[in-house]
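# Structural characterization, general
Here's the letter readout for the chains.
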Amino acid sequence: MSVLRSVIDFAIGDAQAEKAVPPTGFTVRLTVFSAAAMAFLVVFALALSLAAGRLADLWSDELARSATVRISAPAEQMAAQTEAALNVLRTTEGVESARALSLDEQRALLAPWFGPELPLDALPLPQMIEVIETVKGFDGDGLRLRLAGEVPGAVLDNHGRWRGPLVSAASSLRLLGWVSIVLIALATGAMITLAANAALAANAQVIAVMRLVGARDSYIAQAFMRRFTLRALAGAAGGTLFGAFALLLLPSASEEGGFLTGLGLQGAHWFLLILIPILAAVVAFFATRLAAHNTLRSLT
C-alpha cells in the first residue's frame with residue numbers, strides 16, 4: 001500500500017517544484033522523440049526475438065523425432081525395395097511408425113522449388129519414407145547396416161546434419177533480439193541523461209533561488225525525475241502504438257512465406273507491448289536521477 005501511495009504522490013508531483021523544470025524546449029522534444037523512436041525499435045526487436053524463439057522450438061520439436069529413408073532403385077524394383085525397407089523399419093526398436101510418402105505428398109514437397117505442375121511421373125525420383133522415432137529413439141548406425149544389407153538402394157537421413165545449425169541460427173536470432181532491446185534501453189538512458197543534464201544546467205539560476213528559500217536537492221531532483229519520467233512514458237507509449245500498427249501491416253504467417261511472414265506477435269505476446277512504456281519510464285527515472293545527482297552537486 002505504501003508503494004502504491006508513493007507512486008501516486010510521484011505522479012501528482014508538486015506544483016512549486018515543477019517551476020524548476022523547463023516545460024518546453026529542446027530537452028522536452030529530445031526526451032519525447034528519443035523515447036518514441038526507441039520504443040518503436042523495441043517493438044520490432046521483441047517481435048524478432050519471439051518469432052525466432054517460435055521458429056527454434058518448431059524446428060526442434062518437429063524434427064527431433066523424425067527421419068527419412070530415401071530409396072533409389074530402378075522402376076521395376078522400387079515397390080519391392082520400398083516394402084523391404086518398411087519391413088526393416090517396422091521391426092526396428094525405437095521406430096514408432098514408418099510410411100511411404102504418396103506421389104501427391106512428394107509433389108507438395110517439391111512444389112516450392114519446381115511449381116505445383118511438376119510431372120513427377122516422368123522423372124526418376126526416389127521413394128521417400130517418413131520415419132517417426134519413439135522417445136528413446138533408434139540406433140542410427142545399426143539401422144543403416146540393416147538397410148545396407150537388405151535394401152541396397154536405401155539411405156537413412158536423421159536430419160541431424162541441418163537440424164542443429166537451423167535451431168542454432170534461430171536461437172542466435174532470439175538472443176540478438178534480446179541484446180538489441182538491452183542496447184536500445186541503454187541508448188535511451190544515455191539520451192535522457194543528456195537531456196536532463198541540459199535542463200538542469202539551463203535552470204541553474206532557478207535552482208539557486210530555490211536553494212536560498214530552503215529547497216533541498218532531493219526535492220528539486222524529484223521534480224526533474226517526475227517530469228522526465230512522464231515524458232518518456234508518453235513518448236514510449238506513442239512509439240509502441242505506432243510499432244504495433246506497423247506489425248499489423250506485416251503479412252501473416254504462412255507456409256509459403258516461411259519465417260519472413262511470421263515476424264508479428266501472436267496471442268498473449270501482444271500484451272508484452274504494455275511493458276515497453278513502463279520500461280522506458282523506469283530507464284528515464286534512473287537516468288534522470290543520476291543526472292540530477294551529478295549536476296546538482298556540480299552546481300553547489
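Residues numbered from 1 in each chain as written. Predicted model: local features only at pLDDT ≥ 70, side-chain atom pairs only at ≥ 80, totals over all residues. Heavy atoms only, no water.

### Some words on empty space enclosed by the protein
Following the criterion strictly, the structure yields one cavity of 30 Å³ or more and no others. Looking at the largest cavity, its volume works out to about 100 Å³. Along the walls of the largest cavity sit Ala35, Met38, Ala39, Val42, Ile184, Ala185, Thr188, Ala236, Ile276, Leu279, Ala280 and Val283, which together make up its complete lining. Counting residues per element, the ones that place at least two in the lining of the largest cavity are helix H2 (26–64), helix H6 (160–202) and helix H9 (275–298). Class assignment for the residues of the lining of the largest cavity results in 11 nonpolar, one polar and no charged. (1 Å grid on protein atoms, 1.4 Å probe; cavity = no way out; pocket = protein on both sides within 12 Å on 5 of 7 lines; lining within 4 Å. Points joined across faces, edges and corners; volume = space filled by probe spheres on them. Helix = DSSP H or I, 4+ residues; strand = E, 2+ residues; numbered from the N terminus. Nonpolar A, V, L, I, M, F, W, Y, C, P; charged D, E, K, R; others polar.)

### As for the nonpolar core
It is characteristic of soluble globular proteins that their nonpolar side chains tend to be buried jointly. If you look at the biggest cluster of nonpolar residues, it comprises 37 residues, and the most contacted ones within it are Ile220, Phe224, Phe228, Leu273 and Leu296. For this core, the secondary structure elements donating two or more residues are H2, H6, helix H7 (204–212), helix H8 (217–248) and H9. Leave out the neighbours within four places in its chain, and Leu296 touches Leu200, Ile207, Arg211, Asp217, Ile220 and Ala221. Formed by 18 residues, the second largest nonpolar core is a distinct cluster that contains Ala67, Val95, Leu147 and Ala154. (Core = buried A, V, L, I, M, F, W, Y, C linked by side-chain atoms within 4.5 Å. Buried < 20%, exposed > 50% of the residue type's maximum accessible area, 1.4 Å probe, protein only. Contact = heavy atoms within 4.5 Å.)

### With respect to the confidence of the model for the chain
Residues with a pLDDT of 70 or more make up 77% of the chain, whose mean pLDDT is 78. Across the chain, the secondary-structure element scoring lowest on mean pLDDT is helix H1 (residues 2–12), at 55, and the one scoring highest is H8, at 87. With pLDDT under 50 throughout, residues 254–261 is counted as low confidence; its partners more than four residues away or in other chains account for nine contacts. (pLDDT = per-residue confidence, 0-100.)

### As for the pattern of salt bridges
All chains considered together, the criterion is met by three salt bridges. Here Glu83 makes a salt bridge to Arg90, at a shortest N to O gap of 3.8 Å. Its relative accessible area of 39% is what places Glu83 among the partly exposed residues. Of the charged contacts in the structure, one is a salt bridge between Glu130 and Arg99, with a shortest N-O distance of 3.1 Å. (Salt bridge = Lys/Arg side-chain N within 4 Å of Asp/Glu carboxyl O.)

### Brief notes about the side chain of Gln81
Mapped onto the fold, Gln81 is located in helix H3 (residues 75–90). Of the residues examined, Gln81 reaches a relative accessible area of 13% and is grouped as buried. In this structure, Gln81 is in contact with Ile71, Ala73, Val151, Pro152 and Gly153, ignoring residues within four places of it in sequence.

### Thoughts on the sheet that holds strand S1 (residues 66–71)
Strand order in the open sheet formed by four strands is S2-S3-S1-S4, and the pairing between neighbours is antiparallel. On the outer flanks of this sheet lie strand S2 (95–100) and strand S4 (154–157), each paired with one strand and no other. This sheet shows a mean twist of 20° between the axes of neighbouring strands, independent of strand direction. Here S1 runs beside strand S3 (residues 127–133); their pairing, made up of six bridges, is antiparallel. (Pairing = 2+ DSSP bridges. Axes fitted to C-alpha atoms, helices over the stretch in contact; angles between N-to-C directions.)

### What to know about the packing of aromatic side chains
Under the defined criterion, the tally for this structure stands at three aromatic pairs. Taking 5.1 Å as the distance between ring centres and 55° as the angle between the ring planes, the aromatic pair formed by Phe40 and Phe44 counts as tilted. Within this pair, Phe40 and its partner Phe44 are both found in helix H2, separated by four residues, close to a single helical turn. Residue Phe44 is classed as partly exposed on the basis of its relative accessible area of 30%. One Lys or Arg, Arg231, reaches over the ring of Phe228 and ends 5.2 Å from the middle of that ring. (Phe/Tyr/Trp six-rings, centres within 6.5 Å; stacked < 30°, edge-to-face > 60°. Lys NZ or Arg CZ within 6 Å of the ring centre and 35° of its normal.)

### Side note on the packing of H3 against helix H5 (residues 140–150)
Contact pair H3 / H5: the axes reach a minimum separation of 10 Å and the direction vectors enclose 150°. One element, H3, and the other, H5, form an angle in the roughly antiparallel class. In the crossing of H3 with H5, the sense of the turn from one axis to the other is right-handed. For the pair H3 and H5, contact is made by Ala85, Val88 and Leu89 and by Leu143, Arg146, Leu147 and Glu150, respectively. (Parallel < 35°, antiparallel > 145°, perpendicular 65-115°, else oblique. Left-handed = near helix turned anticlockwise from the far one by under 90°.)

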